[in-house]
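If you want the building blocks of each chain, they are given just below.
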Amino acid sequence: MSGGIREIRQLELEELLNLYTHLHETDIPPETPARDALWKALLADPNYHIIVAEVDGRLCASCTLVVVPNLTRGLRPYGVVENVVTRREYRRRGLASACLNRARELAQAAGCYKLMLLTGTKDASILRFYEQAGYNSRDKTAFVQWL
């Protein structure tokens, strides 16, 4: 694998948005001032990490880590992992696992006491994948309220 696991670069937004069509998005949001402002804000936020797996110059997998400041647990932050995705043709190569491992490293470096990951899937193989990555569904109960 040339390129490896790293954080996203400023000029890779279009490729990232294309990768997200392998997640649940059906189209790429058009370029607008609001989208550009959001992209700049995400890149400037030291607590927001978009981790990517690059293979032969192409973004093939990604996940997002958000480090959330916290007033409990000795003021230690926690991490939230979202948007775990791999291009269909690159699945089962360890790319998403490598992205999740990098997210864990970044969370540990930030002093996080836990990482949380939510998934909407009921697919047993994907749930096993998250368990093999170190996550469990026994310690917490998740509730989602769509706004």
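Note: the structure precedes this text.
Residues numbered from 1 in each chain as written. Predicted model: local features only at pLDDT ≥ 70, side-chain atom pairs only at ≥ 80, totals over all residues. Heavy atoms only, no water.

J.: Describe the nonpolar core, listing the residues and the values that go with them.
T.: Of all hydrophobic cores here, the largest spans 23 residues; its most connected members are Cys 63, Leu 65, Val 81, Val 84 and Leu 100. With 7 residues, the single largest contributor to this core is helix H3 (residues 95-109). Not counting residues up to four positions away in its chain, the partners in contact with Val 81 are Cys 63, Thr 64, Leu 65, Leu 100, Ala 103, Leu 115, Met 116, Leu 117, Leu 118 and Tyr 135. By size, the runner-up hydrophobic cluster in this structure holds 11 residues, among which are Leu 13, Leu 17, Leu 19 and Val 85. (Core = buried A, V, L, I, M, F, W, Y, C linked by side-chain atoms within 4.5 Å. Buried < 20%, exposed > 50% of the residue type's maximum accessible area, 1.4 Å probe, protein only. Helix = DSSP H or I, 4+ residues; strand = E, 2+ residues; numbered from the N terminus. Contact = heavy atoms within 4.5 Å.)

J.: Which residues make up the pairing of strand S2 (residues 48-55), and what values go with them?
T.: Taking burial as the measure, the 8 residues of S2 include 7 buried ones, the bulk of the element. Pairing geometry for S2 and strand S3 (residues 58-68), over 8 bridges, is antiparallel. In the sheet register, Ile 51 faces S3, and the bridge partner there is Cys 63. Taking the residues that link successive antiparallel strands as the turn, the S2-S3 hairpin has 2 residues, and the phi of Asp 56 there is positive, at about 50 degrees. (Pairing = 2+ DSSP bridges.)

J.: Requested: an account of the layout of surface pockets, with residues and values cited.
T.: Empty space within the second largest pocket amounts to approximately 160 Å³. Along the walls of the second largest pocket sit Leu 13, Leu 16, Leu 17, Tyr 20, Pro 29, Arg 35, Leu 38, Trp 39, Leu 42, Tyr 48, Ile 50 and Asn 83, which together make up its complete lining. Elements with a minimum of two residues in the lining of the second largest pocket: helix H1 (13-20), helix H2 (33-44) and S2. Here the residues of the lining of the second largest pocket are counted per class, giving 10 nonpolar, 1 polar and 1 charged. (1 Å grid on protein atoms, 1.4 Å probe; cavity = no way out; pocket = protein on both sides within 12 Å on 5 of 7 lines; lining within 4 Å. Points joined across faces, edges and corners; volume = space filled by probe spheres on them. Nonpolar A, V, L, I, M, F, W, Y, C, P; charged D, E, K, R; others polar.)

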